[in-house]
Amino acid sequence: MASNKDNQPIYILADNTKRTSGREAQRMNIMAAKLVAETVRTTLGPKGMDKMIVDGIGGITVTNDGVTILEEMNIEHPSAKMLVEIAKTQENEVGDGTTTAVVIAGELLKKAEDLLDQEVHPTVIAKGYRLAAAKAKEYLEEMAEEVSFEDNSMLRKIAMTAMTGKGAEASKELLSELVVKAVKRVVEKDGEKIKVDPDDIKIEKKLGGGVEESTLVEGIALDKERVHSGMPKRVEAARIALIDSPIEVKTTEIDAKISISDPSKMQAFLDMEESMLRKIVEKIVASGANVLLCQKGIDEMAQHFLAKKGILAARRVMKSDMEKLSKATGGRIITDLSDLTEDDLGRAGVVEEVKFGDESMILVQECKNPKSVTLLVRGTTEHVLAEAKRAIEDAIGDTIASLKNGRVVAGAGAPEIELARNLAKYSERFGGREQLAIKAFAESLEVIPRTLAENAGLDPIDVLTELRSAHDKKEVWAGINVFSGKVMNAWKHGVLEPLKIKTQAVASAAEVAVMILRIDDVIAGGPEKMPVVGRGGMPMGGENMPGGEY
Ligand code: ADP
Ligand code: MG
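Residues numbered from 1 in each chain as written. Chains lettered and ligands numbered in written order. Predicted model: local features only at pLDDT ≥ 70, side-chain atom pairs only at ≥ 80, totals over all residues. Heavy atoms only, no water.

Draft legend 1. Quick look at the packing of aromatic side chains. Enumeration according to the criterion identifies three aromatic pairs in this entry. Residues Tyr129 and Phe441 carry aromatic rings whose centres are separated by 5.5 Å and whose planes lie at 70 degrees to one another, so their mutual orientation is edge-to-face. Residue Tyr129 is found in helix α5 (residues 122-143), and its partner Phe441 is found in helix α13 (residues 432-445); the two are separated by 312 residues along the sequence. Here Tyr129 falls in the buried class, since its relative accessible area comes to 0%. What makes Phe441 buried here is its relative accessible area of 0%. A cation over an aromatic ring shows up here: Lys184 above the ring of Phe149, its NZ or CZ 4.7 Å from the ring centre. Over the aromatic face of Phe149 sits the side chain of Lys189, whose NZ or CZ is 4.1 Å from the ring centroid. (Phe/Tyr/Trp six-rings, centres within 6.5 Å; stacked < 30°, edge-to-face > 60°. Helix = DSSP H or I, 4+ residues; strand = E, 2+ residues; numbered from the N terminus. Buried < 20%, exposed > 50% of the residue type's maximum accessible area, 1.4 Å probe, protein only. Lys NZ or Arg CZ within 6 Å of the ring centre and 35° of its normal.)

Next up, the structure:
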């Protein structure tokens, strides 16, 4: 609030606006961001705990996945939301490492707060953090080792590391094999470059059976059954019609002249319907199709005729599956049956209904374009399945990131300790306060091994001391064995992660920390006022009412 010379206060903001500024604003923002980091930090690593989140209507999610927790939590505070955003970026860019990114960001802000207390200006901290982040990327790249496309054993270790401590852990040997197979099946090599469309890997959850009964279908698995038991269970050399309109007689097509008031005419009506359905089925048969996959319903009588013609049919196939089927089999999705020709049919070596436990699925395999696979995940409850699926998604993300970038680091806290050491040395090139900021950045990275130790019930001080001394002896990959509590060579133990997880996590953590630090004024508009309703029921003021945006 400012005053003019008559001492009249001048208000520039609406009276329901909240404003905090200076040190107070920084303190509040940092606190909110730290709270977010605190929330997910207990889930980090193989010994991390899970969170149970109950939504407004009683739905339950049990998860260990950083981004899932933050998304389900419905966070409101603006700077806390910025932390949620970096988890999402990490998820989109790599598909894993979300907790790591958020925990590092929280620690960077915590350390920044100490510096603010020592009267270091936020712009100096920001500059130091930026320098450190850029250098960290260089160090990480120097540290990383190559992974070749052919090195299945290394790729499997990467997939396994992603799943350690997650719901799928018990079957990680099998699942990592399936993940690597699936990813390799769908990658396209463009010279040295590797292209992958993660949508080509479908993860289908199937209740019943243990996770260890999960399988890879080289093709598409539909959670469907044949519509009629008289249909064949297995069709080889399949020619597949993909239809996205219902197989039925539209009432408007029936001659309007038939009046059903007279019972004798009822038979005529039914005969008419039957003959029209026959014609529809004839059209399908004439195209040469022996499999029909329909996005909508199939009339019962049509089902019967289709069965008689030896056609395997399924109805209410999901739209997304129809699109995948189209891509995989080379078939065209047809709306108007009269357009259906042989050229529109998709091809697959075999279409088959297979039993899994009590339920059946239709598998479309040996497709024309084999770059489409389905990982069929089994599990005893919906919660187990959902968490196993998330772990598999992380593993797929890490495998893809490793192949794309071709570079890998070990985990278990080793790269973070190595970075902290190198950055501390790097800080000595700078004077005074900048040096303090770079040092603070270096120390912040130790939050990863410290948290891994804490979550495993180990004494973090002991562990960090041992780790530092191992790294002093040039043991670059010395990390924590969270099971024995000893220092181990993480590389030799097969704890491997894509370089991209680390570079992305450090870069986005630094970015969000700097962004939050530079805010010294929070101006929040109050809730939008309800428009006053005038006599005609129209809101007064209309669309251009001032103060609507904030
Ligand atoms: P994020 O969401 O960041 O991926 P995770 O819960 O998956 O979080 O934990 C990842 C961390 O756990 C990484 O620092 C990784 O190196 C570490 N980690 C994974 N497997 C092991 C292992 N077997 N031993 C020690 N650390 C491990
Ligand atoms: Mg992970």
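Draft legend 2. Geometry of the layout of surface pockets. Approximately 870 Å³ is the volume found for the largest pocket. What lines the largest pocket is a set of 34 residues, and nearest its centre among them are Glu91, Pro198, Ile203, Glu393 and Ile396. Going through the elements one at a time, α2 (66-72), α3 (78-93), β9 (201-207), α10 (319-329) and α11 (382-405) are the ones with two or more residues in the lining of the largest pocket. Of all the elements, α11 adds the most residues to the lining of the largest pocket, at 11 residues. Grouping the amino acids of the lining of the largest pocket by side-chain chemistry returns 11 nonpolar, six polar and 17 charged. Within this model, the second largest pocket holds a volume of roughly 680 Å³. (1 Å grid on protein atoms, 1.4 Å probe; cavity = no way out; pocket = protein on both sides within 12 Å on 5 of 7 lines; lining within 4 Å. Points joined across faces, edges and corners; volume = space filled by probe spheres on them. Nonpolar A, V, L, I, M, F, W, Y, C, P; charged D, E, K, R; others polar.)

Draft legend 3. Representation of the packing of helix α1 (residues 22-41) against helix α4 (residues 98-117) within the structure. Contact geometry of α1 with α4 gives a least axis separation of 8 Å together with a crossing angle of 145 degrees. Once α1 is placed against α4, the crossing between them reads as left-handed. Where α1 abuts α4, its residues Arg23, Gln26, Arg27, Ile30, Ala33, Lys34, Val36, Ala37, Val40 and Arg41 lie against Thr99, Val102, Val103, Gly106, Leu109, Lys110, Glu113, Leu116 and Asp117. The residue makeup of the contact of α1 with α4, split by class, is nine nonpolar, three polar and seven charged. (Axes fitted to C-alpha atoms, helices over the stretch in contact; angles between N-to-C directions. Left-handed = near helix turned anticlockwise from the far one by under 90°. Contact = heavy atoms within 4.5 Å.)

Draft legend 4. Structural view of the site of ligand 1. Around ligand 1, the surrounding shell holds 22 residues, and the nearest of these are Asp96, Thr99, Thr100, Ala412 and Glu497. Gly97 places a polar main-chain atom, nitrogen or oxygen, 3.1 Å from an oxygen atom of ligand 1. In this structure, an oxygen atom belonging to ligand 1 sits 2.9 Å away from a side-chain N or O atom of Glu497. Most atoms of ligand 1, that is more than half of them, are within 2 Å of grid points of the second largest pocket. Contributions of two or more residues to the shell around ligand 1 are made by α4 and α14 (447-455). If you tally residues by element for the shell around ligand 1, the top one is α4, at three residues. Across the shell around ligand 1, the residue classes break down as eight nonpolar, 10 polar and four charged. Here the shell around ligand 1 gathers at least three residues from each of two domains, domain 1 (18-146 + 409-523) and domain 2 (151-217 + 372-405). (Near = heavy atom within 4 Å. Polar contact = N/O pair within 3.5 Å; in protein donor to acceptor, adjacent residues only side chain to side chain. Sits in = over half its atoms within 2 Å of the grid points. Domains from an automatic or database assignment.)

Draft legend 5. Examining the environment of Ile501 more closely. Along the chain, the position of Ile501 falls in helix α16 (residues 499-517). A relative accessible area of 1% means that Ile501 is categorised as buried. Considered as a pair, Ile501 and Gln26 are 475 residues apart in the sequence and their alpha carbons are 29 Å apart. Excluding residues within four positions of it along the chain, Ile501 makes contact with Gln90, Val94, Asp96, Gly97 and Asp398.

Draft legend 6. Main features of the pairing of strand β16 (residues 346-356). Bridge analysis of strand β12 (residues 234-243) against β16 gives six bridges, and the strand direction is antiparallel. Paired with Val235 across the bridge in β16 is Val351. Pairing geometry for β16 and strand β17 (residues 359-367), over eight bridges, is antiparallel. Of the residues in β17, the one forming a bridge with Ala348 is Cys367. Hairpin connection, β16 to β17: the antiparallel pair is bridged by two residues, and Gly357 has positive phi, about 60 degrees. (Pairing = 2+ DSSP bridges.)

Draft legend 7. Inspection of the domain arrangement of the protein chain at higher detail. Split into domains, the protein chain comes out as domain 1 (18-146 + 409-523), domain 2 (151-217 + 372-405) and domain 3 (219-369). For domain 1 versus domain 2, the distance between C-alpha centres works out to 26 Å. Counting residues at the interface gives 21 residues for domain 1 and 18 residues for domain 2. Here domain 1 and domain 2 share an interface that buries about 1,600 Å² over both sides, 52% of which is from carbon and sulfur atoms. It is Asp96, Leu496 and Pro498 in domain 1 that bury the most area against domain 2; as a group they hold 28% of the surface buried on that side. Remark: the boundary between domain 1 and domain 2 carries zero salt bridges. (Buried area = accessible area lost by both parts, 1.4 Å probe. Salt bridge = Lys/Arg side-chain N within 4 Å of Asp/Glu carboxyl O.)

Draft legend 8. Quick peek at the pattern of salt bridges. Applying the stated criterion across every chain yields a total of 33 salt bridges. The shortest N-O distance in the salt bridge between Arg234 and Glu352 comes to 3.1 Å. With Arg234 in strand β12 and Glu352 in strand β16, this pair connects stretches of sequence that are 118 residues apart. Note that Lys502 is salt-bridged to Glu497, the shortest N-O span being 3.2 Å.

Draft legend 9. Quick peek at a nonpolar patch on the surface. Where nonpolar side chains cluster on the molecular surface, the patch consists of Ile10, Ile12, Leu13 and Ile523 and spans about 390 Å² of accessible area. Secondary-structure assignment places Ile523 in strand β23 (residues 521-524). Under the relative-accessibility criterion, Ile523 is labelled partly exposed at 48%. (Patch = residues over 30% accessible without salt bridge, like charges linked within 9 Å, V, L, I, M, F, W, Y side chains within 5 Å. Areas by Shrake-Rupley, 256 points an atom, 1.4 Å probe, with all protein chains shown as cover.)

Draft legend 10. Looking closely at the sheet that holds strand β10 (residues 215-217). Read from one edge to the other, the open sheet built from three strands follows the order β9-β18-β10, with strand pairing classed as mixed. Strands with a single pairing partner mark the edges of an open sheet, and in this sheet they are β9 and β10. Each strand axis lies, on average, 25 degrees off the axis of its neighbour in the sheet, ignoring direction. Sheet topology places β9 next to strand β18 (residues 373-379); seven bridges connect them, and they run parallel. Residue Lys202 lies in a different strand from β18, and its bridge partner there is Thr374. Across the sheet, helix α7 (residues 172-186) lies against β9, β10 and β18, angled at about 160 degrees from β18, the strand it touches most.

Draft legend 11. Structural detail: the sheet that holds strand β19 (residues 407-410). Taking strand neighbours across the sheet as the criterion, the three strands line up as β6-β19-β22 in an open arrangement whose pairing is antiparallel. If you trace the sheet from one side to the other, it starts and ends with β6 (145-146) and β22 (496-498), each paired once. Where β6 meets β19, two bridges bridge the pair, whose relative direction is antiparallel. Bridging across to β19, Glu146 finds its partner in Arg407.

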